[in-house]
Amino acid sequence: MTDFVVFPNPVLQHAAQPRPVDAAMLAVGEALRAAAAGVEAYGLAAAHIGRVEPLVVISLAGPGEARDYRLLFNPTVQTKSEESAFGPEGSVSMPGIEVPIERAIRVEIGFDTAAGAREALLLEGFAARVAQHEIDQVNGVFFLNRLSRLKRDTAIRKFSKSQR
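Since the model is a prediction, treat every value here as computed from it, not as a measurement. In this numbering scheme, every chain counts its residues from 1 along its sequence in written order. Two thresholds apply to this predicted model, a pLDDT of at least 70 for residue-level local features and 80 or more for giving and counting side-chain atom pairs, whereas whole-chain, interface and lining totals are computed over all residues. Heavy atoms throughout the structure, all of them, feed into the side-chain values; hydrogens and water do not.

## Brief notes about the overall build of the chain
Helix and strand labels come from DSSP, where a helix needs a run of H or I of at least four residues and a strand needs a run of E of at least two; each type is numbered from the N terminus. Of regular secondary structure, the chain possesses three helices and seven strands. Going residue by residue from the N terminus, the α and β elements of the chain occur as α-β-β-β-β-β-β-β-α-α. Two things to know: the radius of gyration comes from C-alpha atoms, and the globule rule equals 2.2 Å times the number of residues to the power 0.38. Taken over C-alpha atoms, the radius of gyration comes to 15 Å for the chain, in line with the 15 Å a tight globule of 164 residues would show. Out of the 164 residues belonging to the chain, those deemed buried represent 44%. Counting contacts in the chain only where the partners sit at least 6 residues apart, residues at least 24 apart contribute 61% of the total. Neither His nor the chain termini are counted; the positive set is Lys and Arg, and the negative set is Asp and Glu. Positions of charges follow a simple convention, taking NZ of Lys, CZ of Arg, CG of Asp or CD of Glu. Computed over 18 positive and 19 negative side-chain charges, the inter-centroid distance for the chain is 9 Å. Burial classes follow relative accessibility: with a 1.4 Å probe on protein chains only, a residue under 20% of its type's maximum area counts as buried, one over 50% as exposed, and anything between as partly exposed. The contact criterion used is simple: two residues touch if any of their non-hydrogen atoms lie within 4.5 Å.

## Some thoughts on the side chain of Arg 129
Turning to its location among the elements, Arg 129 is positioned in helix H2 (residues 126–138). Excluding its chain neighbours within four sequence positions, the residues that come into contact with Arg 129 are Ala 85, Phe 86, Gly 87, Pro 88, Glu 89, Ile 101 and Arg 103.

## Regarding the environment of Thr 79
Tracing the backbone shows Thr 79 in strand E3 (residues 69–80). Spatially, the C-alpha atoms of Thr 79 and Glu 108 are 5.2 Å apart, while their sequence positions differ by 29 residues. Not counting the four nearest positions on each side in its chain, Thr 79 is found in contact with Arg 106, Val 107 and Glu 108.

## With respect to the pairing of E3
Strand pairing is defined by DSSP finding a minimum of two bridges between the two strands. Sheet topology places strand E2 (residues 55–59) next to E3; five bridges connect them, and they run antiparallel. Bridge pairing in E3 places Ile 58 opposite Arg 70.

## Focus on the pairing of strand E6 (residues 106–112)
Counting buried residues in E6 gives five out of seven residues, a clear majority hidden from the surface. As paired elements, E3 and E6 share five bridges and run antiparallel to each other. When the sheet's bridge partners are listed, Thr 79 is paired in E6 with Glu 108. Relative to strand E7 (residues 118–124), E6 runs antiparallel, the two sharing seven bridges. Opposite Gly 110, over in E7, you have Ala 120 as the bridge partner.

## Structural notes on unusual backbone geometry
Of note, the bond from Phe 7 into Pro 8 is cis; its omega dihedral lies within 30 degrees of zero at 15°. Inspection of the secondary structure assignment puts Pro 8 in the segment before helix H1 (23–39). Phi is positive for Glu 40, close to 55°, though the residue is something other than glycine. Its identity is not glycine, yet Asn 74 carries a phi of approximately 55°, on the positive side. Mapping Asn 74 onto the fold places it in strand E3. With relative accessibility at 7%, the residue Asn 74 sits in the buried group.

## Quick notes on the packing of aromatic side chains
Note on ring pairs: Phe, Tyr and Trp rings are taken, using the six-membered ring of Trp, and paired if centres are within 6.5 Å. Classes follow the plane angle, with under 30 degrees stacked, over 60 edge-to-face and the rest tilted. Within the structure shown, the criterion is met by three aromatic pairs. Where Phe 7 meets Phe 142, the ring centres are 5.2 Å apart and the plane angle is 20°; that geometry is what we call stacked. You can see Phe 7 sitting in the segment before H1 and its partner Phe 142 sitting in the loop between H2 and helix H3 (149–162), a full 135 residues away along the chain. Both rings, one in Phe 142 and one in Phe 143, keep their centres 4.9 Å apart while their planes meet at 65°; by these two values the pair is edge-to-face. Chaining the aromatic ring pairs together yields one cluster made of Phe 7, Phe 142 and Phe 143. Between the NZ or CZ atom of Arg 67 and the centre of the ring of Tyr 42, over which it lies, the distance is 3.8 Å. Here, a charge over a ring is recorded when the distance from Lys NZ or Arg CZ to the ring centre is within 6 Å and its angle to the ring normal is within 35 degrees.

Below is the structure:
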């Protein structure tokens, strides 16, 4: 099983800079895919395994479906719907904590493939939420940063108590 970076590790606040896909990034991608499969995550960013790389793995399968992991290099959210919704989110870097986060319900994401070709993908619902969550992490935005200070502090206190 993978040892995940645990909050408040500073790597979770570092933004990864886009760069051409190379052998090192491909190797991190395979480690990330294996880590996600090991815990059946819906998505992970390289920061979760301690690497500051512009890379995520996501599954487009819905809850209860078998995961279909896809590596997205240099991912970006290109467009967001104006319509948004709250939904529960958590992180392998903060186990046991789940909070409602507001996200766009539809997004278009851009990403590079392992071969370096730029592609786009339209996502809706749960898959859109997962992609936004992980792309935020690539940009150094931990999911708690999307909460009010009061709710963030409450989640951090709860997590701290659970780690004792």
